[in-house]
Amino acid sequence: MAKIRAERSFLGHPRGIGILRFRHMTDSFANYGMMAVLVYYLLSKKLAIGKGFRE
């Protein structure tokens, strides 16, 4: 039983941890990307830069 359990783990953690970590990484990437777009949009309005944003 211990041999089977050892094969199903990744560095001592269950295999599902890798899937959860990947999901968290992609979610964080999307959130930070949208935050950057929002900051760029707000700065373009404040500084009247334009850069393709129309009213």
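Heads up: the structure comes first, above all this text.
Student: How do you make sense of the overall build of the protein when you look at a structure like this?
Tutor: If you tally the helices and strands in the protein, you get two helices and two strands. In the protein, the succession of helices and strands from N to C terminus is α-β-β-α. The proportion of buried residues among the 55 residues of the protein is 2%. Of the roughly 5,600 Å² of accessible surface on the protein, a fraction of 66% belongs to carbon and sulfur atoms.

Student: Got a minute to help me understand a nonpolar patch on the surface in this structure?
Tutor: Together, Tyr-32, Met-35, Val-39, Leu-43 and Leu-47 line one region of the surface with nonpolar side chains, adding up to about 530 Å² of accessible area. For Leu-47, the position within the fold is in helix H2 (residues 16–47).

Student: Teacher, can you tell me more about H2 here?
Tutor: Three- or four-residue spacings in an α-helix give side chains the same orientation, since the helix completes a turn every 3.6 residues. If you check H2, its first and last C-alpha atoms are 46 Å apart, about what 32 residues at 1.5 Å a residue would give, namely 46 Å. Within two residues after H2, Ala-48 carries a phi angle of roughly 55°, on the positive side.

Criteria and thresholds
- Residues numbered from 1 in each chain as written.
- Predicted model: local features only at pLDDT ≥ 70, side-chain atom pairs only at ≥ 80, totals over all residues.
- Heavy atoms only, no water.
- Helix = DSSP H or I, 4+ residues; strand = E, 2+ residues; numbered from the N terminus.
- Buried < 20%, exposed > 50% of the residue type's maximum accessible area, 1.4 Å probe, protein only.
- Areas by Shrake-Rupley, 256 points an atom, 1.4 Å probe, with all protein chains shown as cover.
- Patch = residues over 30% accessible without salt bridge, like charges linked within 9 Å, V, L, I, M, F, W, Y side chains within 5 Å.
- Salt bridge = Lys/Arg side-chain N within 4 Å of Asp/Glu carboxyl O.
- Expected span 1.5 Å × (residues − 1).

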